[in-house]
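Fold and geometry: a report
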Amino acid sequence: MVGREPELAILEEFLGWGTGPLALLLTGGAGIGKTALWEAGLNRARERGVRVLAARPSGAEAELSFASLFDLLAGVDIGSMGGLPVPQRQALEAALLRAEPGAAPLEPFAIAAGFLSVLRSLAAGEPLLVAVDDVQWLDAASAEVLAFAARRARGQQFRFLLTRRPGSASAVERALGPADVRGVEVGPLGLSPTRR
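Residues numbered from 1 in each chain as written. Predicted model: local features only at pLDDT ≥ 70, side-chain atom pairs only at ≥ 80, totals over all residues. Heavy atoms only, no water.

Some points on the environment of A54
The cut-off we apply is this: Working definition: helices are DSSP H or I runs of at least four residues, strands are E runs of at least two. Numbering for both runs from the N terminus. Burial classification: accessible surface area is computed with a 1.4 Å probe over protein chains only, and a residue below 20% of its type maximum counts as buried, one above 50% as exposed, and the rest as partly exposed. Contacts are assigned to residue pairs that have any heavy atoms within 4.5 Å of one another.
Mapped onto the secondary structure, A54 falls in strand β2 (residues 51-55). By relative accessible area, which is 24% here, A54 ends up partly exposed. On a C-alpha basis, the gap between A54 and A143 in space is 14 Å, while along the polypeptide they are 89 residues apart. For A54, the residues in contact, after removing those within four places along its chain, are W38, L42, D71, L72 and A131.

The following block contains the structure:
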């Protein structure tokens, strides 16, 4: 990437998994390069042996319950995870449309607790990065589940890499709190990098 050396250095530091914030947030206007940096972060995380759960919500899907949760857990076999309590597994699989829902309506707490249990289980074996591009487009149900996990992230082996446009803080950011989110404003490229 040309002209993004400062942002890439911050990504490298964040992915070092030492002490530091639980989340890195890249903010900037549409088309400024947040997604390119986010993708570079995912690639660098994978190169370091970090497991990545990623979602790229869009405005068109913001009304679909659990759409982003579906993306985050697309490659995760929940049914084979040991230690996941049955009510949590059943609720999570029903929310992800992997199993028939029971007669009772889905319990939001069971889904959120199930997601947190999955994160803890995955992070027990390797560092885990939960990455959401354009977090402002998260559907409300996924945002609540992620916020539940974010409030319980301290002391765990998972972190968050987020991007969003300028504006109000997301539910995930609010759940983490300002001390646990490092914000990086992604600005336009200067003249020299643009020429390169």
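Let's talk about the packing of helix α4 (residues 86-95) against helix α5 (residues 108-125)
How we decide: Every angle, taken between N-to-C directions, lies between 0 and 180 degrees, and every axis is a line fitted to C-alpha atoms, over only the stretch in contact when it is a helix. Roughly parallel means an angle under 35 degrees; roughly antiparallel, over 145; roughly perpendicular, 65 to 115; everything else is oblique.
Their axes nearest at 8 Å, the elements α4 and α5 cross at an angle of 100 degrees. The orientation of α4 with respect to α5, classified from their angle, is roughly perpendicular. Here P87, Q88, A91, L92 and A95 of α4 lie close against α5, whose contacting residues are A110, I111, A113, G114, F115, S117 and V118.

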